[in-house]
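Each chain, written out:
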Amino acid sequence: MIVKDFKREFYDVLQNQRVLVLVAFDVDALCACKILQYLFQCDQVLYTIVPVDGMQGLENAFLENAEGIKHVVLINCGASVDVVELLQPEDHVRFYICDSHRPVDVHNYYNVIQVKLLMQEDELSTIPSYDELFRDDDSEESDNDDEDDETGRKRKRFDEESVLRRQDRRRWNENRVKVLFDYSKFTSYGTAAAITMFELAWKLSKDTNNLLWLAIVGVTDQFVHFKTPRDKYVNDILALQSHVSRLNLRGNEDENILSVNCLRISFEEELNLALYRHWTLFDSICHSMPMACKFKLWSLKGQKRLHEFLAEMGLPLTQCKQQFCAMDSVLRLEVKGKIQEYMNKYGLDMQDVILPSFCMQYGYKNLLCATDYVYACTAILESVDKSRMTTDNFLEASDILQRSSTSKLEAGLEAAKLQLKSVVTQVQSFLDMHQIISAGPFLYVFVQEGTADSRFFAHPQCLIRLARFSLQAQCAVSRNKRSQSLPLVLGAPLNPEEGTSLIVGIPPLDTDDERKNFFGKAFEQAAESTSSSARFNSFDSYIIEIKSEDKSKFFDALISILQ
């Protein structure tokens, strides 16, 4: 059931209660959790936060922590499955789901007792009507009349009305299957969970600049990991701009007093370059997907073209190859304008170069962009250090968002650079070895087991970035115009000891305006038709785990389904 009044039907209900909060392993969910945690602390609500890294983790976390719990909040998890069927709770347990995954399971939507959806109602307008999905009929036995014949034996009498009812029910069942398939065949994303929680804080008059920054980072996470199209991202940013103005534009006298020790957020037309303030300009360009693919920087010709671009802008290579903060101050201030001035000549467009975003500054410390936080937190959440527990990664990423430790933020930024380097190295290997192959209805490629950086791609967000970079790079080098309309399936070793692989499917580039993914249903059908040992553990249905020996038959089935 949709919650229309978040304050009265959700937050007020939790007062004086003990709450279990289950949080998915992504930056948007972490930001939403931090906002809710702040609200609970303000009102002294007892809570337990447990991070969950998949469906199995969700079940385990609920079983281990459900004792004495009547209210469970799920952040970026639980919306796409029948949560009551999955978790088998007691009748008194209530679930509050704040999840950006779409589509929402119909049982969650129509369960008016145990499930409450913290979502915008207009985003669920495509859900089928109740009558199309559920039907209360008399039992089939009631259609039959038992009568004694002359010999005393009973026989069933099927009258014409009974036959018509059976035909009608069969047609209704067939229509239900079709309606459900049409509703669930594409997966997409709605409003970021962090925005939903920030709007709750705003309605409670507890919104602060810190909470606003968390909402901004949550929205940026969706865009950085290709979950929402650019238009939706811009709309969300514009909606947050009014809050930025309200909380940051103070009177001149107050501003002079508060500016030294307060968090300040400002709207910026940022360069669409990864971590450039904390890296060299040259490295940032080489590891940023839009410019790397436009210049084709994996080739010598592309590197030469980049050198020409920098020279024409008047940026010496020695300056570009040292830390951005150590560049000549005049050149540093001119970088954005120079790139915009010469971008058309080198085949770049505004979307490749500029990203509307927000920057944050705390006191006299370095200016930080929202994308910097997304990369740093993701790198920590998906740490490849096997000595660390997943909960340790979750807590450290939480500390980064809280700005309690500069050293942890710096460690996160360094880990993010390693992730970006591994992605670019792997893409270059794919292209050099011509490993991206057309299977007819889609492209596919595998990260070879034993590859130096394969450990990075055993995590969903990094694997998604690799898939997107690989697809865009392939389209940049391919002479076949059809490549723009082909999706990509990418696999990477997950657990070599168990012989499992992680597989992700992403939509083609020419559907970028929608960002709807059809691989969830396709993977499900391919696994069923081949009886493959596929494990749908991720909250994103287009990411699956599969045994390595089943890959060939799974892909054969996938090709036949998508043709």
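Everything below is about the structure printed above this text.
Residues numbered from 1 in each chain as written. Predicted model: local features only at pLDDT ≥ 70, side-chain atom pairs only at ≥ 80, totals over all residues. Heavy atoms only, no water.

Trainee: Got a minute to help me understand the overall build of the protein chain in this structure?
Mentor: Broken down by element type, the protein chain carries 23 helices and 17 strands. Against the compact-globule benchmark of 24 Å for 563 residues, the protein chain has a radius of gyration of 27 Å, which places it among compact chains. Dimensions of the protein chain, computed from the C-alpha atoms along their principal axes, are close to 110 × 60 × 45 Å. For the protein chain, the proportion of its 563 residues judged to be buried stands at 52%. (Helix = DSSP H or I, 4+ residues; strand = E, 2+ residues; numbered from the N terminus. Rg over C-alpha atoms; globule rule 2.2 N^0.38 Å. Buried < 20%, exposed > 50% of the residue type's maximum accessible area, 1.4 Å probe, protein only.)

Trainee: Which parts of the structure should I look at to understand the environment of Leu-310?
Mentor: Within the secondary structure, Leu-310 is located in helix α14 (residues 300–312). Judged by its relative accessible area of 1%, Leu-310 falls in the buried class. Along the sequence, Leu-310 and Lys-408 sit 98 residues apart, while their C-alpha atoms lie 33 Å from each other. With residues near it in sequence (within four places) discarded, Leu-310 still touches Phe-282, Ile-285, Leu-315, Leu-317 and Cys-320. (Contact = heavy atoms within 4.5 Å.)

Trainee: Before we go on, may I ask you to explain the sheet that holds strand β12 (residues 368–369) in this structure?
Mentor: The strands making up a sheet associate through hydrogen bonds between their backbones, and the pairing can be parallel or antiparallel. Spatially, the 3 strands line up as an open sheet ordered β10-β11-β12, and their pairing is antiparallel. Two strands in the sheet have a free side with no partner beyond their single neighbour: β10 (263–271) and β12. Summarising the sheet, strand β11 (residues 354–362) and β12 pair through 2 bridges and their orientation is antiparallel. The partner of Cys-359 across the bridge, within β12, is Cys-369. Packing of helix α10 (residues 230–248) onto the sheet brings it into contact with β10 and β11, and relative to β11 it is tilted by some 30 degrees. (Pairing = 2+ DSSP bridges. Axes fitted to C-alpha atoms, helices over the stretch in contact; angles between N-to-C directions.)

Trainee: Before we go on, may I ask you to explain the state of the cysteines in this structure?
Mentor: Structurally, a disulfide amounts to a covalent bond that connects the sulfur atoms of two cysteines. Summed over all chains, the structure comprises 0 disulfides. No disulfide involves Cys-77; its sulfur sits 10.0 Å from the nearest other cysteine sulfur, which is in Cys-98. We classify Cys-77 as buried; its relative accessible area is 0%. (Disulfide = S-S within 2.5 Å.)

Trainee: Help me out: how do you make sense of the nonpolar core in this one?
Mentor: In terms of nonpolar packing, the biggest core is built from 108 residues, with Phe-10, Ile-75 and Trp-213 touching the most fellow members. Beyond its immediate sequence surroundings of up to four residues, Phe-10 is in contact with Val-3, Asp-5, Leu-36, Val-73, Tyr-96, Leu-118 and Leu-200. In this structure, Cys-286, Trp-298, Phe-309 and Leu-463 belong to the second largest nonpolar core, which totals 78 residues. (Core = buried A, V, L, I, M, F, W, Y, C linked by side-chain atoms within 4.5 Å.)

Trainee: In this structure, what is going on with the pattern of salt bridges? I would like to understand it.
Mentor: When their charged atoms lie close together, side chains carrying opposite charge are able to pair. Under the definition given, this model contains 21 salt bridges. With its nearest N and O atoms 3.8 Å apart, the salt bridge here joins Asp-349 to Lys-294. Residue Asp-349 is found in the loop between α16 (329–342) and α17 (350–353), and its partner Lys-294 is found in helix α13 (residues 289–295); the two are separated by 55 residues along the sequence. The class of Lys-294 is partly exposed, set by a relative accessible area of 34%. (Salt bridge = Lys/Arg side-chain N within 4 Å of Asp/Glu carboxyl O.)

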